[in-house]
Amino acid sequence: MSQKLRISTLLIPLLISTSVIADESLLGRVKGSETLLQGAFELDQTFTYRDDKGSGNYESFNSKTELEYGVTNKLTASGYIKMQAIDTSGLWVDGYIPGPEKYSLKASGVEGSLKYNFLSPALDDFGLSGYVSLAYDWLDPHSGKDKDTTTLELQLLTQKYFMDGQIIWMGNAGIETTYAKRAAIANLPDGFEWPTDPEMEIGLMAGTGVSYRFTENWFIGAEVIYETEFETEVGQERYSWYAGPSLHYGGQNFWATLTWLPQIYGGGEQFSAQDDMDLHLIEKTKQEYMVKFGIDF
Amino acid sequence: MQNNWLIVMALPMVVMAVPGFAMEYLAIEQAQQLIFSDGDVFVEHLVKLSDADKDQIKAISGKKQRWDEQRIWRVQKQEQHLGWFIVDNVVGKHEFITYGVGISPTGHVVGVEVMTYRETHGDEVREQAWREHFTNKTVNDAFKLNDDIPNITGATLSARNLTDGVKRLLALHQAVLSDE
């Protein structure tokens, strides 16, 4: 804990002393369509805490560090380093969570993305961008076990200003394809399924959100996200609806966003021990808390 | 694990409590003198706008008048009426932008001065080269960004709202000041 505190303490003066920002996140998951200025760099950090699968104990902490660069005024390139910590016990889900796992923060994946702005929300009245990302992860975000996953994601990002920009609406729609292969695990209970053959999945997402600047520098927002995933063996493997609020600060020194995203409804594959059958809790949790902040230089 | 990680996540949010600093470039009196250097009398009027006035401003300019009251100075050189100086606020990306516009008795822009600007990018809105594009415009001009007013990359929202704001003030002049 003391190390975590030291890291955070070191970050604060860095954040205060630098000057700001263009492509800031007003919400937790739903993205805006704006891009960085040509030649500008931005460093973003996202922490996500996920917990509760409705059975046993499940907590996961994810870190995503992003460096963005404005290639042109319309094209932003980003590179990411992802880390993960997990603490799960008393939870067995056939084919997904093979028993307890616990480790502190360690590297879990890398990612690169491009965002191209077709229409500007301030200049064209409606913002539209295309977003593509390619990710490689070597830790499973659900079980915490070794799993090599390659994901290609495509999204359309839309944005519109209302009340001269005091209200900002954003909408995202996307598709992702995943190729994954799990590492074998020794000494699993008899009959416990843990397939190590390569698996391919297709996921769809749609999200929308609104952010309102209620006083200078401070925004309050809300977003709704639908995610679903299909794979060959079971068809629609899962779907989830998330909805929750965000509080955002954007100023001259930095921006930061705090988000709570509970899963409000879900389904698809489920496990018998979960305490709420109106949620999908195998690959998702009951809620997520996110903190994002960014500085540019 | 829960308490530790939630504390770590909350710490960066503490920085949000650090107040930003307002960058006031010009006081009202300075902006008045820059636009109306010959003016020697500035008489302030707090103009209260009725719903009908606001509707008329929107009908003329196409822009919504947000405020019910507007600080306006009648500018004179001795007995000669030089025009009007109006202070207004428009939405910037994070904070309001305060600016002043000088309007001649015939409804032409005499000058625009940005008095307070707190955004990260777009300091060009304060530069004379950009503000001069407003000079001599009337409410009948287009006021379209990237057309008769150049865009400022990285501060498009600020540039758009200032452009819309100047046109709205010309409409306000036509609606409630032109007869005075």
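Residues numbered from 1 in each chain as written. Chains lettered and ligands numbered in written order. Predicted model: local features only at pLDDT ≥ 70, side-chain atom pairs only at ≥ 80, totals over all residues.

Participant: How do you make sense of the overall build of chain A when you look at a structure like this?
Facilitator: Helices and strands together make up the secondary structure of chain A, namely one helix and 14 strands. Computed over C-alpha atoms, the radius of gyration of chain A comes to 20 Å, within 12% of the 19 Å expected from 2.2 N^0.38 for 297 residues, which places it in the range of a compact globule. Principal-axis analysis of the C-alpha atoms places the extent of chain A at approximately 60 × 45 × 35 Å. Contacts spanning at least 24 positions in sequence make up 62% of the contacts within chain A whose residues lie at least 6 apart. (Helix = DSSP H or I, 4+ residues; strand = E, 2+ residues; numbered from the N terminus. Rg over C-alpha atoms; globule rule 2.2 N^0.38 Å. Contact = placed C-beta atoms within 7 Å.)

Participant: I tried to follow the sheet that holds strand S1 (residues 41-51) of chain A on my own but got confused; where do I start?
Facilitator: Residue and element names in this part refer to chain A. If you trace the 12 strands once around the closed barrel, you get S1-S2-S3-S6-S7-S8-S9-S10-S11-S12-S13-S14, paired in antiparallel fashion. Across the sheet, the axes of successive neighbouring strands diverge by a mean angle of 20 degrees, strand direction being ignored. As paired strands, S1 and strand S14 (residues 287-296) are joined by 10 bridges and run antiparallel to one another. Paired with aspartate 51 across the two strands is glutamine 287, which belongs to S14. (Pairing = 2+ DSSP bridges. Axes fitted to C-alpha atoms, helices over the stretch in contact; angles between N-to-C directions.)

Participant: When you look at the packing of helix H3 (residues 51-61) of chain B against helix H5 (residues 156-177) of chain B in this model, what are you seeing that I'm missing?
Facilitator: Axis angle and axis distance: for two packed helices, these are the angle between their axes and the distance between the axes, and together they describe the pair. All names here are of chain B. Where H3 meets H5, the axes come as close as 8 Å, and the angle between the chain directions of the two elements is 125 degrees. It follows from the interaxial angle that H3 and H5 lie oblique. Viewed along their axes, H3 and H5 form a crossing whose handedness is right-handed. Residues Asp53, Gln56, Ile57, Ile60 and Ser61 of H3 touch H5, and the partners they reach there are Lys167, Arg168, Ala171, Leu172, Gln174, Ala175 and Val176. Considered class by class, the residues forming the contact of H3 with H5 number six nonpolar, three polar and three charged. (Parallel < 35°, antiparallel > 145°, perpendicular 65-115°, else oblique. Left-handed = near helix turned anticlockwise from the far one by under 90°. Nonpolar A, V, L, I, M, F, W, Y, C, P; charged D, E, K, R; others polar.)

Participant: Can you help me understand the sheet that holds strand S5 (residues 109-116) of chain B in this one?
Facilitator: Residues and elements named next belong to chain B. Judged by pairing direction, the sheet is antiparallel, and its five strands sit side by side in the order S1-S2-S3-S4-S5 without closing on themselves. Only two strands of the sheet have a single partner each, and these edge strands are strand S1 (41-48) and S5. Sheet twist, expressed as the average angle between the axes of neighbouring strands with direction ignored, equals 25 degrees. Here strand S4 (residues 96-103) runs beside S5; their pairing, made up of six bridges, is antiparallel. Residue pairing for S5: valine 101 is matched across the bridge by valine 112. Where helix H2 (residues 28-35) meets the sheet, it contacts S1, strand S2 (69-77), strand S3 (80-91), S4 and S5, and its direction lies at approximately 155 degrees from that of S5.

Participant: When you look at the nonpolar core in this model, what are you seeing that I'm missing?
Facilitator: Across soluble globular proteins, you tend to see nonpolar side chains buried next to one another. All names here are of chain B. Grouped together as the largest cluster of nonpolar side chains are 40 residues, with contacts concentrated most on Trp84, Val101, Val125 and Val166. Those elements giving two or more residues to this core turn out to be H2, S2, S3, S4, S5 and H5. A total of nine residues in this core trace back to one element, the largest contributor, which is H5. With sequence-adjacent residues up to four places away left out, valine 125 is seen in contact with Val114, Tyr117, Trp130, Ile152, Ala155, Ser158, Ala159 and Leu162. (Core = buried A, V, L, I, M, F, W, Y, C linked by C-beta atoms within 7 Å. Buried ≥ 20, exposed ≤ 12 C-beta atoms within 10 Å, placed from the backbone.)

Participant: Hey, could you run me through the pairing of strand S7 (residues 127-139) of chain A in this one?
Facilitator: Here is the key point about a regular strand: its side chains alternate between the two faces of the sheet. Pairing between strand S6 (residues 101-119) of chain A and S7(A): 10 bridges, direction antiparallel. The partner of A:Glu111 across the bridge, within S7(A), is A:Ala135.

Participant: So what exactly am I meant to see when it comes to the confidence of the model for chain A here?
Facilitator: Low-confidence regions, as indicated by low pLDDT, have predicted coordinates that should not be scrutinised in detail. Taken residue by residue, chain A gives an average pLDDT of 90. The fraction at 70 or more is 92%. pLDDT under 50 marks residues 1-21 of chain A. Its contacts with residues more than four places away, or in other chains, come to 37 contacts. (pLDDT = per-residue confidence, 0-100.)

Participant: What is the right way to look at the confidence of the model for chain B in this model?
Facilitator: Of all residues in chain B, 85% attain a pLDDT of 70 or more, and the chain-wide mean is 87. Among the prediction metrics, the complex's ipTM stands at 0.81, with pTM recorded as 0.86.

Participant: Which parts of the structure should I look at to understand the pairing of S6(A)?
Facilitator: One ladder, built from 13 bridges, connects strand S3 (residues 75-89) of chain A with S6(A); its direction is antiparallel. Bridge assignment links A:Leu75 to a residue of S6(A), and that residue is A:Tyr116.

Participant: Could you clarify how one ought to interpret the environment of A:Pro198 in this entry?
Facilitator: Residue and element names in this part refer to chain A. Along the chain, proline 198 turns up in the loop between strand S9 (167-182) and strand S10 (199-215). Once the C-alpha coordinates of proline 198 and alanine 180 are considered, the two residues, 18 residues apart in sequence, prove to be 5.6 Å apart. For proline 198, the residues in contact, after removing those within four places along its chain, are Tyr179, Ala180 and Lys181.

Participant: Help me understand the environment of B:Asp68, please; the structure alone is not making it clear to me.
Facilitator: All names here are of chain B. Considering the arrangement of structural elements, one finds aspartate 68 in the loop between H3 and S2. Given 12 C-beta atoms within 10 Å, aspartate 68 falls into the exposed group. Expressed as a C-alpha distance, the spacing of aspartate 68 and valine 47, which sit 21 residues apart in the sequence, is 8.4 Å. Beyond its immediate chain neighbours, meaning those up to four positions away, aspartate 68 contacts Lys48 and Leu49.

Participant: Would you take a moment to explain H2(B) for this structure?
Facilitator: Because the α-helix completes a turn every 3.6 residues, residues three or four places apart line up on one side. Residues and elements named next belong to chain B. The complete set of buried residues in H2 reads Ala31, Gln32 and Ile35. Seen from one end, H2 has its buried residues packed into an arc of 100 degrees, which puts them on one side. Considering only its buried residues, H2 is in contact with S1, S2, S3, S4 and S5. (Arc of directions from axis to C-beta.)

Participant: Explain unusual backbone geometry to me, please; I cannot follow it from the model alone.
Facilitator: Phi at A:Asp52 takes a positive value of approximately 80 degrees, unusual for a residue other than glycine. Secondary-structure assignment places A:Asp52 in the loop between S1 and strand S2 (57-70).

Participant: For this particular structure, what's the right way to read the environment of B:Arg168?
Facilitator: Residue and element names in this part refer to chain B. Note that arginine 168 resides in helix H5. Counting along the chain gives 102 residues from arginine 168 to arginine 66, while the straight-line C-alpha distance between them is 10 Å. Sequence-distant contacts of arginine 168, that is, excluding residues within four places in its chain, are made with Ile57, Ser61, Lys63 and Gln65.

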